[in-house]
Amino acid sequence: MKPFFKIALLSIFFVSACGIPKDPGETFAQAKSKHLKVGIVDNPPYAVIEDGKYTGIEVTLINELALKNNLKIEFIEGSESNLIKKLEHREIDIFIGGFGKKSVWTEKAGSTTEYDGEHIILIPKGENRLLFELESVINQHSKA
Amino acid sequence: MKQIGHLELPADLRNVEKKVIRLEYITLVYLTTVVLLMYLVMGNSQAMKTAWLEDLLGMVPAIMYLVAVRHYNKPPNKKFPYGYQRNFSIAFMAGSVALLAMGLYLIVDSSAVLISGDRPTIGSVFIFDKQIWLGWVMILVLLYSSIPAMILGHKKLPLAKKLHNKILFTDADAQKADYTTGFAAMVGIAGVGLGWWWADSVAAIIISLSIIKDGFSDLRNAVFDLMDRHPEHVDGNGRDELIDDLRKHFANLSWVKEVSLRFRECGQVYIGEAYVVPNDPKVEPSKIEEALQELENFDWKIRDVTIMVVNELPEELE
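Asks: Which residues make up the interface of chain A and chain B, and what values do they have?
Replies: Frequently, the measure chosen for interface size is the accessible area that the parts lose on association. Every contact between the two is made by 22 residues of chain A and, on the other side, 24 residues of chain B. Contributions of two or more residues to the side of chain A that touches chain B are made by helix H1 (2–16) and helix H5 (128–143) of chain A. Across the side of chain A that touches chain B, the residue classes break down as 10 nonpolar, eight polar and four charged.

Okay, here's the thing in structure tokens:
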């Protein structure tokens, strides 16, 4: 039973260590020190681009994330294929545009849980801290 | 003469067998819950996928044993004059092939994930409104997949030795050591939590290697048995001395001058021939029948012996 004792101790150590999960690519930390780069394509009512203004359910979620964590947001427009490439190379941090949970892009990116039972927000693969914070906001939003 | 080759386990071993059958049913129920839980939480962690497939495959020996144990004891018949003992060896062989194939698949799969730099994205769950990173849940499930398995393995191991059953032994042995793969996966997941995305696929590769190692040594063992190797202990501790004891037993018979044995494993039991040079070249057949009769009480593992009377022993084997 000795190894299990060690495992238990290790687990406690890990649980108590704050900041887990961490981002392997430091996306969230960099978003804090600089700004959160959000790729967006127009897809009402989830993500709407109108006269240089960004609205929609997903934009609301991003705003809530920014508010909660004191982040500055920079929206970046582009084509879907262009923005997904940027997301893959971690040139943007988040990609919104009313994507469904079965979207082909989920092969190339990580995704949140469905905020409305159907739609997801895309993030760079493996950026688990960012995902953690986003899902926290999604959970709060879905209760409200 | 009594029917040749029909095995009836001694009463105490019949009880052991009943116990083992119960333990294997418990194993199957337990592994079903493990596999379901792991499937629910594995997300896109490669280490979890590997550990999951390992546990899924861990059901194979239990199922094989339960299937084989229903038939091995059927009396020999015209179609199968040697009986059904060997179905254990066949089950063992099939199980080891499955294990090896899965190990090879998983190492390719896990290496591809590592090389392509595919990072595991692990979200969170909300339990009573408390946000918990799914990695912690995975680690809990891995603990559940390790500790009871270890206990079951410890319980089955001595019984497997008593029954001289290889599928049982490898099943018990693998479960006893299951915490090592569980631990590897846990370290992998914890590594991901610390931001080391590669820890996940590295853990998966380590687990795959251990599956390959087990699969290969089982397959080797199974093939050697089917090639009629000299009987060996199930725990891999070399040749079974029982055959030497049997040689002494024959040498002590009053009418026997010299004896040479040739034995092989057939499932749980040993079968083979005894070449005997008698003191008097005219041996009464009843002497031989008597000797066969006595073997019934020698050891339950010695079955289906042919006694061949010769003037000169066959040449010693190298």
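Asks: So, the sheet that holds strand E4 (residues 269–278) of chain B: which residues are in play, and what are the values?
Replies: Residue and element names in this part refer to chain B. Spatial strand order, E3-E4-E5: three strands in an open sheet with mixed pairing. Edge positions in the open sheet fall to strand E3 (256–266) and strand E5 (302–309), since each of these has one partner strand only. Across the sheet, the mean angle from the axis of one strand to that of its neighbour is 20 degrees, orientation sign disregarded. The sheet contact formed by E4 and E5 spans six bridges and is parallel. Of the residues in E5, the one forming a bridge with Ala274 is Ile307. Sitting on the sheet, helix H9 (residues 242–251) is in contact with E3, E4 and E5, with an inclination near 150 degrees to E3.

Asks: Run through the environment of Gly103 of chain B, naming residues and quoting values.
Replies: All names here are of chain B. Note that Gly103 resides in helix H4 (residues 87–116). For Gly103, a count of 24 C-beta atoms within 10 Å puts it in the buried group. The spacing of Gly103 and Glu54 is 49 residues in sequence and 8.5 Å in space, taken between C-alpha atoms.

Asks: Give me the lowdown on unusual backbone geometry, citing residues and values where you can.
Replies: Excluding glycine, a negative phi dihedral is what most residues carry, and trans is how most peptide bonds are arranged. The omega torsion across Pro44 of chain A and Pro45 of chain A is 0 degrees, close enough to zero to call that bond cis. Tracing the backbone shows Pro45 of chain A in the loop between strand E1 (36–40) and strand E2 (48–50). Positive phi values are uncommon outside glycine, yet Asp228 of chain B reaches one of about 60 degrees. Examined against the element boundaries, Asp228 of chain B turns out to sit in the loop between helix H8 (198–226) and H9.

Asks: Tell me about the pairing of strand E1 (residues 124–127) of chain B, residues and numbers included.
Replies: All names here are of chain B. The pairing of E1 with strand E2 (residues 130–133) spans four bridges and is classified as antiparallel. Looking at E2, one finds that Phe126 is bridged to Gln131. Between the antiparallel neighbours E1 and E2 lie two residues, among them Phe128 with a positive phi of about 50 degrees.

Scoring rules and cut-offs
Residues numbered from 1 in each chain as written. Chains lettered and ligands numbered in written order. Predicted model: local features only at pLDDT ≥ 70, side-chain atom pairs only at ≥ 80, totals over all residues. Contact = placed C-beta atoms within 7 Å. Helix = DSSP H or I, 4+ residues; strand = E, 2+ residues; numbered from the N terminus. Nonpolar A, V, L, I, M, F, W, Y, C, P; charged D, E, K, R; others polar. Pairing = 2+ DSSP bridges. Axes fitted to C-alpha atoms, helices over the stretch in contact; angles between N-to-C directions. Buried ≥ 20, exposed ≤ 12 C-beta atoms within 10 Å, placed from the backbone.

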